[in-house]
Amino acid sequence: MKSNWLEKATKFSFLGLALLPFLKENINSILIIICAVLTLVYNIKKKEKRRLNSKLWILTLPFWMFLLHELLSGDYNFDSVLLHLPFLIFPLIFAFKPSYINHKFKIKSLFVFQISVLLQCFFYVIFFLANNSISKFFYTQNNIPFFREYVSENYLFEIHPTYFSSFLLVSFTISVFSLLKYKRIVFALINIAIMVFFIFLFSSRIIILTLLLSIVFAIIYLIIQKGLKQSFLILLAGVLLLTILVYPQREVIGKRFKEIKTEVNKPIVGDYYNSTNTRMAILKCSFKALKLTPFFGFGDKLQEELNNCYKQNNDSDFYLKHTFNTHNYYIYLVTYGGWVFFSFFIFYLFCLFRKINHSELALALFVQFLIINLTENYFSRHYGIVFFTYLISMFIF
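Being a predicted model, the structure only gives us computed values, none of them experimental.

Some remarks on the state of the cysteines
Within the structure shown, the criterion is met by 1 disulfide. Note on cysteine connectivity: C285 is disulfide-linked to C309, with sulfurs 2.2 Å apart. Since a negative S-S torsion denotes a left-handed disulfide, the C285-C309 link at about -85° is left-handed. Within this pair, whereas C285 is found in helix α14 (residues 275–291), its partner C309 is found in helix α15 (residues 302–313), the two being separated by 24 residues in sequence. Residue C285 is classed as buried on the basis of its relative accessible area of 3%.

Pasting the structure below:
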């Protein structure tokens, strides 16, 4: 009876990990701790003889990198170490998971994740319409969708729009693979439509570009698998669906991408700044920091280095109103920890690639994360680190 209780509790805790889009950071952290404790109890109770092998040391490498950097550089900022703890926790949880957390359970977990994303979208819409008229649904303010800004700043808890959009993108990708394998066809079609609609509604440019690239590769995969004739009707239906979903948001999307053309060379002066010229300022200062990077990187002084550069090169105090990091995780790794630090992380990514290349879905998600990190420090926030390590660990083990 007790064993049965432990099994049920452990299963619920693992499913709780899939509710990430639906949870505040602190609640998600509590669920991770509960899952880890129950996994430990299972292993003690069953007297499982499992060891920390070289595979696990490699899969937890980013955590050890940040820990050793803080110790060797003398910064001793253990908030940074705690932030990167999921790189250690998730590989351990899944390496020592009970036998009943199997492939079927992985499929169930991915489905729970998709449902949680759908529910969060639903609650966003209800929350928005309870406080705004429906006419403002596709309204833009300073070239940013009003819906995106309103729910991001006023909802019960904050998830950065790009991070929530990454949840949408992953859910979309899971459904595409389900559709290609003729599984849950009705749900997959409905979910694809909803995910695409909200991706364009949130208008995170890197997510939209990654979505479009994913669609192109999905089309190529479909043609290779089914042939052009068999794929024609599916492709035609896909084009029509995409047109229907994007058309109501054409102005929102158009303004977001038009801003790149009109604002890319405009300097930041006073309160005149937007996402495009701010990104250019960040990019210029990030490359300057890259050239000046000491052996151990700037460490915790990196943001100070960037802020000094923003101050010297712009007639504005925009950098004091928000924290503007490198917005490129690869540049961040070099400037934070040095080139050796960066090389270890690339080695880690190469090892992950070798471990997940048995799964086409895992590879697709892996590449999407790599692309997102080109314009975001995706692994520098709770939702990014937890989401990536959770998914990758699930596929590896």
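Side note on the environment of A364
When you line up the elements, A364 lands in helix α19 (residues 360–372). Given the relative accessible area of 23%, A364 is considered partly exposed. Considered as a pair, A364 and F122 are 242 residues apart in the sequence and their alpha carbons are 26 Å apart. Residues contacting A364, with those up to four places away along its chain left out, are T173 and F177.

Examining the packing of aromatic side chains
In this description, an aromatic ring pair is defined by two values, namely the gap between the centres and the angle between the planes. One pass over the structure, following the stated rule, counts 57 aromatic pairs. Aromatic side chains Y163 and Y378 sit 4.8 Å apart centroid to centroid with 5° between the ring planes, which places their arrangement in the stacked category. Taken together, the residues Y163 in helix α9 (residues 161–180) and Y378 in the loop between α19 and α20 (382–396) connect sequence positions 215 residues apart. Assigned by exposure class, Y163 and Y378 land together as buried. Between the NZ or CZ atom of R184 and the centre of the ring of F111, over which it lies, the distance is 4.0 Å.

Observations regarding the pattern of salt bridges
The full count for this structure, using the stated rule, is 4 salt bridges. In this structure, the salt-bridge partner of K11 is E7, at a minimum N-O distance of 3.2 Å. Of this pair, K11 and E7 are both found in helix α1 (residues 2–17), 4 residues apart, which corresponds to roughly one turn of the helix. On the basis of relative accessibility, which here comes to 29%, the residue K11 falls in the partly exposed class. When its relative accessible area of 26% is taken as the criterion, E7 is described as partly exposed. Two residues, D317 and K321, come together in a salt bridge whose shortest N-O distance is 4.0 Å. On the basis of relative accessibility, which here comes to 42%, the residue K321 falls in the partly exposed class.

Some details on a nonpolar patch on the surface
A cluster of nonpolar side chains, namely L68, L71, L72, Y76, F78, F295, F296, V340 and F344, defines an oily patch on the protein surface of about 920 Å² accessible area. Mapped by element, the contributors of at least two residues to the nonpolar patch are α4 (61–73) and α18 (339–356). Broken down by element, the nonpolar patch gets its largest block of residues, 3 residues, from α4. Tracing the chain through its elements places L71 in helix α4.

Quick notes on the side chain of S204
Inspection of the secondary structure assignment puts S204 in the loop between α10 (185–202) and α11 (205–226). Beyond its immediate chain neighbours, meaning those up to four positions away, S204 contacts R148, T162, S165 and I199.

Digging into the environment of F164
Secondary-structure assignment places F164 in helix α9. Taking the C-alpha atoms as reference points, F164 and Q120, 44 residues apart in sequence, are found 9.5 Å from one another.

Basis of the calculations
- Residues numbered from 1 in each chain as written.
- Predicted model: local features only at pLDDT ≥ 70, side-chain atom pairs only at ≥ 80, totals over all residues.
- Heavy atoms only, no water.
- Disulfide = S-S within 2.5 Å.
- Helix = DSSP H or I, 4+ residues; strand = E, 2+ residues; numbered from the N terminus.
- Buried < 20%, exposed > 50% of the residue type's maximum accessible area, 1.4 Å probe, protein only.
- Contact = heavy atoms within 4.5 Å.
- Phe/Tyr/Trp six-rings, centres within 6.5 Å; stacked < 30°, edge-to-face > 60°.
- Lys NZ or Arg CZ within 6 Å of the ring centre and 35° of its normal.
- Salt bridge = Lys/Arg side-chain N within 4 Å of Asp/Glu carboxyl O.
- Patch = residues over 30% accessible without salt bridge, like charges linked within 9 Å, V, L, I, M, F, W, Y side chains within 5 Å.
- Areas by Shrake-Rupley, 256 points an atom, 1.4 Å probe, with all protein chains shown as cover.

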